[in-house]
Each structure stands twice: as structure tokens, then as C-alpha cells.
Amino acid sequence: VRHFIKFSDLTKDEIHHVFERSAALKAERARGVYLHQHLKGRGVGMIFNKNSTRTRVSFECGITELGGHAVVLSEGQTQFSRGEPISHSARVLSRYLSALVIRTYAQSQLDDLAKYGSIPIINALTDEGHPCQILTDIFTAVEKFPGQPVEKMKMAWIGDGNNMANSWIEAAGVLGFPLTLACPEGYDPDKTVLARAQSANPNVKLVRDPKEAAAGAWAVKTDVWARMGQEGEQKEREKAFKGVYIVDSALMAKADPKAIFMHCLPAHIGEEVTEEVLESLA
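Heads up: these notes are all about the structure in this document. In this text, all values refer to a predicted model and were calculated from it rather than measured experimentally.

Criteria and thresholds
- Residues numbered from 1 in each chain as written.
- Predicted model: local features only at pLDDT ≥ 70, side-chain atom pairs only at ≥ 80, totals over all residues.
- Heavy atoms only, no water.
- Pairing = 2+ DSSP bridges.
- Helix = DSSP H or I, 4+ residues; strand = E, 2+ residues; numbered from the N terminus.
- Axes fitted to C-alpha atoms, helices over the stretch in contact; angles between N-to-C directions.
- Contact = heavy atoms within 4.5 Å.
- Disulfide = S-S within 2.5 Å.
- Polar contact = N/O pair within 3.5 Å; in protein donor to acceptor, adjacent residues only side chain to side chain.
- Parallel < 35°, antiparallel > 145°, perpendicular 65-115°, else oblique.
- Left-handed = near helix turned anticlockwise from the far one by under 90°.
- Nonpolar A, V, L, I, M, F, W, Y, C, P; charged D, E, K, R; others polar.
- Buried < 20%, exposed > 50% of the residue type's maximum accessible area, 1.4 Å probe, protein only.
- Arc of directions from axis to C-beta.
- Phe/Tyr/Trp six-rings, centres within 6.5 Å; stacked < 30°, edge-to-face > 60°.
- Lys NZ or Arg CZ within 6 Å of the ring centre and 35° of its normal.

1. Thoughts on the sheet that holds strand β2 (residues 69-73)
So, point 1. Judged by pairing direction, the sheet is parallel, and its 4 strands sit side by side in the order β2-β1-β3-β4 without closing on themselves. Edge strands, defined here as strands with exactly one partner in the open sheet, are β2 and β4 (121-123). Taking the axes of each pair of neighbouring strands and ignoring which way they run, one obtains an average angle of 20 degrees across the sheet.
So, point 2. Where strand β1 (residues 43-48) lies against strand β3 (residues 99-103), 5 bridges are found, and the strand directions are parallel. In the sheet register, I47 faces β3, and the bridge partner there is I102.
So, point 3. Helix-sheet contacts for helix α4 (residues 107-116) involve β3 and β4, and the interaxial angle to β4 is about 165 degrees.

Next up, the structure:
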């Protein structure tokens, strides 16, 4: 059974295969044609313990368009909320479902579901990573820069060394593209994830100056200063980020002239990104 819990669960060749299939399916979808019913007659579970708009809608529509049925649950609607061991739930869900998509807090919950279940587990976001978002972002870059190898695409991350940053680092380690992260001191990404990626790709760098990270970048990415579950740290984090770790037109001017801006959304306009830059995506 193959899982997608961390970005590094896929090899470089597998990622490129995913991009090829995604492009083909996307082209069919644009024509209103859904020929590939890979999930016909299958149920795919979706457990969302964190709020979601884009991730949930995209997964549910994707499952439906591939002929499957999305079984949408929340932890409060299952026996998880009554303390049933994950080992029990994992085995039961594996008897009914063909795969399970989960968006939650602890990465260990996904690891345990994978350990005790017998179906693929897909990470739709945890506190440690967001591999599906980064896979999609890189696919977007491939579309925006046709004919250019992923390995040549210089990427910049501005802001908190959070779950998104961790998955970007893993992606750079697998695919080999240059990545520079600018994070304030005390808000670095996971040290183990960073060291592992740097051992595979010396062009993964951590700096403090956003201008240094953005210089010549093909894509500039950021996220909110305090993610879900960290709202109580907002004021403290503002002191470390405010006025410096913000993607504005001046910072984008440091990037390559053809550079794109990316944000997993929703954004806090005026904090990590200005309205001018964000609306340039429209």
C-alpha cells in the first residue's frame, strides 16, 4: 500500500507521472469530458478535523469526477471522539473504503492510520506538512513555465517555517530545484527536514532577509503568520514578522521579471501579503 503522508513518499519519477496525468485529466475536464472513471464504485473517506474550503472542495469534486463517492466525516461524527483506538478504526475503515484523506493536527494520527490500516492514507494537511498543496503549487509552476525543467525553477519562501515550509523543503530535496527560505529567528522550519533536504540538494538555503530569498526567484510563496491552532500567538508573532516578512510589490520586484506569487489561502491582507500582490493572482 502506498501512502502520501509526506512529500518524500513519492519519487521524482512518480511526481512527474502525476503531473502528466493531471495535465491530461485537466484538459478533459475543460472539455466537460470525464472518461477516466478510476474510482468508479469506490468510496473514499474524507476526515476534516480542521476547517477547509479549497482542499475539501477540490478533493470531493475530484473523487466524484473520477467516478467515486466521497464519504465525508468529521472526528466528532466517528468513534474517534469516544476514544476508540486508531488501530481499531483504521482496520474498520479499510474494509469499506478504498482510500482515506485526512486533514488534522497531529502527523502521528496519519502514521497510525497507515500502520494499522490497509488502504492508502493521503495527507490533506497536518501541523507538520501539507504535501498535496505543494504538489499542486509545483504543478502550477510547470503550467506557468512550459518547457522549463522543474530543477531550474528557483523558489522562495517568505515567513513562518511552518507545515507549508516543511513540505516545500521536502519537495526541493526530491525534485532538486533551488529553494531559499527567509524566516525570522525562532520560527525556523523543522531542522531534521531541512538537514535531510540539504544533504540531497545543496541549493536549499535558510536566510533571514526576505530580499535575499526573493532575488531572482521564479515563484515567491508565503503563508499566514499564525496558522490554525496558533491564533493565541498572533500578537507575539506580529512582533517577529510585521513590516519585514511581507510580500509587497517592492519584494516581488527583486524576483525574476516573470515571477509568480503563490499563497495557500486564505490570506491576511496587509500582514504577510499586500492586497496589490494578492489581487495580481486574479
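2. Section: the sheet that holds strand β9 (residues 260-263)
So, point 1. Spatial ordering of the open sheet is given by β7-β6-β5-β8-β9, a layout of 5 strands whose pairing is parallel. Two strands lie at the open edges of the sheet, namely β7 (204-207) and β9, each paired on one side alone. If you compare each strand with its neighbour and ignore which way they point, the axes differ by 20 degrees on average.
So, point 2. Sitting on the sheet, helix α5 (residues 131-144) touches β5 (155-158) and β9, and the angle it makes with β9 is about 160 degrees.

3. What to know about the state of the cysteines
So, point 1. This model, assessed by the stated rule, comprises 0 disulfides.
So, point 2. Not engaged in a disulfide, the cysteine C183 finds its nearest cysteine sulfur in C264; these two sulfurs lie 14 Å apart.
So, point 3. Free cysteine: C264, not disulfide-bonded; nearest cysteine sulfur from C132 at 13 Å.

4. Focus on the environment of R196
So, point 1. Along the chain, R196 turns up in helix α7 (residues 191-200).
So, point 2. Residues R196 and E170 lie 26 residues apart in sequence; the distance between their C-alpha atoms is 8.1 Å.

5. Some points on the side chain of H263
So, point 1. Checked against the element boundaries, H263 lands in strand β9.
So, point 2. Separated by 2.8 Å, the side chain of H263 and the backbone nitrogen of L265 make a polar contact.
So, point 3. In this structure the side chain of H263 is engaged in a polar contact, spanning 2.7 Å, whose partner is the side chain of E272.
So, point 4. In this view, H263 contacts T222, D223, V224, E272 and V273; residues no more than four positions away in its chain are not counted.

6. Describing the packing of α5 against helix α6 (residues 163-175)
So, point 1. Relative orientation of the contacting elements α5 and α6 amounts to 55 degrees, with a least axis distance of 9 Å. Between α5 and α6, the interaxial angle falls into the category oblique. When you trace α5 past α6, the crossing you get is right-handed. Here P131, Q133, I134, D137 and I138 of α5 lie close against α6, whose contacting residues are M164, S167, W168, A171 and L175.
So, point 2. A class-by-class count of the residues in the contact of α5 with α6 yields 7 nonpolar, 2 polar and 1 charged.

7. Side note on helix α9 (residues 234-241)
So, point 1. For α9, the full list of buried residues reads Q234, R237, E238 and F241. Along the long axis of α9, the arc covered by the buried residues comes to 110 degrees, so they all point the same way. α9 presents K235, E236 and K239 as exposed residues on the side facing more than 90 degrees away from its buried surface.

8. Here's the deal with the packing of aromatic side chains
So, point 1. This structure, assessed with the given rule, holds 7 aromatic pairs.
So, point 2. The interplanar angle of 70 degrees and the centroid separation of 5.9 Å between the aromatic rings of F241 and Y245 together place this pair among those described as edge-to-face. Y245 shares its class with F241; the two are buried.
So, point 3. Sitting over the ring of W168, K221 keeps its end group 4.4 Å from the ring centre.
So, point 4. Above the face of the W218 ring, K258 is positioned so that its terminal group lies 4.4 Å from the ring centre.

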